[in-house]
Amino acid sequence: MSQPLVNAPQARSWRDIPQPVKPRAMSREGRWRLASSLARVLAGVAVTLVVAWGAWQVTAALQENPQKMPAAARTVPVKNFLLKTNVEGVLDASWLRQTLALPKGATLMELDLQQLRARLLADGQVSAASLTRNFPDTLEVRIAERAPVARLQAQFADSAGRTLLVARDGVVFAGMGFDAARLDELPWLAGIKLARTGGRFAPIEGMNVVADLLAQARLEADPLYATWQVVSLARLQSDREIEVRTKPGTVIVFGADGDFALQIAKLAYEWDVLAKLPTPPSKINLALGREVPVTFDVPTASAPVVGPVKPAPPPPFSLFPNPQPKI
């Protein structure tokens, strides 16, 4: 009986025989076709670069010297306005047309871009502006707008009271396009004096510090911030203190050189404790470091009372007493 051969060698074919063959050399016509295709590609790239460079040079030259524009192109009036603003921007194309006040039928070549930029920057709501001619009939305007952090009531001699807005950098502006509900959430400013310089209001000093306090309050304790009604800067320069009057009538004093996050954390703790009392405190002073005095108003009698003398009202107490003994 025959048995299968397990280790029998496999059958070989003529394809398994190595046949070293040198690759066929490229003919002269093939090399010529390859060189021609490379030359055409390089020529196309060079032409594209030259055309782009020439267009850029022509555009720059026309912007610097509008007289080089052909007469037919100079007669095309401006038809389109392209306004691009920042994320919090609220100004629109109607405001742009009203502010620029271009004469009817004006062309791009007739526009003085520096003068138009000055018109835009005359509005305090605009912090930066740039204008670009997009031929044949489009004027592109890019602006950056200021966001209000507070508001104030100004009284003018020739008109009634007017509400103005104040930005972080202290610039005062009328404001246009903002939502009324958003403006109602802003606190009022007090303890300041407006002065005019060059037809505009001078920036309010110290507004960057006030803006940091307001931003920290909205971030850490928005329910408390919602009760803030008036922010006074009367003692900011002299005592480095910011006074905030709440809607219930409590005056909160913040230290301008202290940590606002820590002061607001103390205020939130005290507010939870004091909310249980029948009468809100008249003053909370957070500008003294670890000590946080809280003052209450004691009602006075309308008529003298005959009888024993009442003791004097207690002094302000502190919810954060200093643990170190006093000498």
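Note: the structure precedes this text.
The number of helices and strands found in the chain is nine helices and 15 strands. Of the contacts formed within the chain by residues at least 6 apart in sequence, a portion of 52% connects residues at least 24 apart. For the chain, the computed accessible surface area is about 22000 Å², with 58% contributed by carbon and sulfur atoms.

Here we take up helix H9 (residues 260–274). Taking 1.5 Å of rise per residue, the 15 residues of H9 would be expected to cover 21 Å, and the 20 Å separating its terminal C-alpha atoms lies within 8% of that figure. Within H9, the full set of buried residues consists of Phe-260, Gln-263, Ile-264, Lys-266, Leu-267, Glu-270 and Leu-274. Along the long axis of H9, the arc covered by the buried residues comes to 160 degrees, so they all point the same way. Taking the backbone nitrogen of Ala-261 as reference, a side-chain oxygen 3.2 Å away marks Asp-259 as the first, capping residue of H9.

Secondary-structure assignment places Thr-227 in the loop between helix H7 (222–225) and strand S10 (228–232). In this structure the side chain of Thr-227 is engaged in a polar contact, spanning 2.6 Å, whose partner is the backbone oxygen of Leu-224. Here Thr-227 is in contact with Arg-245, Thr-246 and Lys-247, once residues within four sequence places are set aside.

Moving on, we come to helix H6 (residues 207–220). Relative to the 20 Å expected for 14 residues at 1.5 Å per residue, H6 spans 20 Å between its end C-alpha atoms, a close match to the ideal helical length. Along H6, the positions that sit buried rather than exposed are Met-207, Val-209, Val-210, Ala-211, Leu-213, Leu-214 and Ala-217.

Now for the packing of aromatic side chains. This structure, assessed with the given rule, holds three aromatic pairs. Ring centres 5.5 Å apart and planes at 55 degrees place the aromatic pair Trp-228 and Phe-254 in the tilted group. With Trp-228 in strand S10 and Phe-254 in strand S12 (residues 251–255), this pair connects stretches of sequence that are 26 residues apart. The same class applies to Trp-228 as to Phe-254, namely buried. By the ring-pair criterion, three or more aromatic residues cluster together here, those being Tyr-225, Trp-228 and Phe-254. One Lys or Arg, Arg-196, reaches over the ring of Phe-201 and ends 4.4 Å from the middle of that ring.

So, about the packing of H6 against H9. For the pair H6 and H9, interaxial distance at closest approach is 10 Å and the crossing angle is 50 degrees. Of the possible angle classes, the one that applies to H6 and H9 is oblique. Regarding H6 and H9, the two cross each other, and that crossing is right-handed. Residue-level contacts link Val-209, Asp-212, Leu-213, Gln-216, Ala-217 and Glu-220 of H6 to Phe-260, Ala-261 and Ile-264 of H9. For the contact of H6 with H9, the per-class residue count stands at six nonpolar, one polar and two charged.

This next bit is on the sheet that holds strand S2 (residues 126–134). A sheet is described by the order of its strands in space; here three strands give the open sequence S1-S3-S2, paired in mixed fashion. The outermost strands of the open sheet, each flanked by one partner alone, are strand S1 (80–84) and S2. Across the sheet, the mean angle separating the axes of adjacent strands is 20 degrees when strand polarity is ignored. Across the face of the sheet, helix H3 (residues 93–100) comes into contact with S1, S2 and strand S3 (138–145) while running at roughly 115 degrees to S1. Contacts between helix H4 (residues 113–121) and the sheet are confined to S2 and S3, with S2 contributing the most and set at about 150 degrees to the helix.

Conventions adopted
Residues numbered from 1 in each chain as written. Predicted model: local features only at pLDDT ≥ 70, side-chain atom pairs only at ≥ 80, totals over all residues. Heavy atoms only, no water. Helix = DSSP H or I, 4+ residues; strand = E, 2+ residues; numbered from the N terminus. Contact = heavy atoms within 4.5 Å. Areas by Shrake-Rupley, 256 points an atom, 1.4 Å probe, with all protein chains shown as cover. Expected span 1.5 Å × (residues − 1). Buried < 20%, exposed > 50% of the residue type's maximum accessible area, 1.4 Å probe, protein only. Arc of directions from axis to C-beta. Polar contact = N/O pair within 3.5 Å; in protein donor to acceptor, adjacent residues only side chain to side chain. Phe/Tyr/Trp six-rings, centres within 6.5 Å; stacked < 30°, edge-to-face > 60°. Lys NZ or Arg CZ within 6 Å of the ring centre and 35° of its normal. Axes fitted to C-alpha atoms, helices over the stretch in contact; angles between N-to-C directions. Parallel < 35°, antiparallel > 145°, perpendicular 65-115°, else oblique. Left-handed = near helix turned anticlockwise from the far one by under 90°. Nonpolar A, V, L, I, M, F, W, Y, C, P; charged D, E, K, R; others polar. Pairing = 2+ DSSP bridges.

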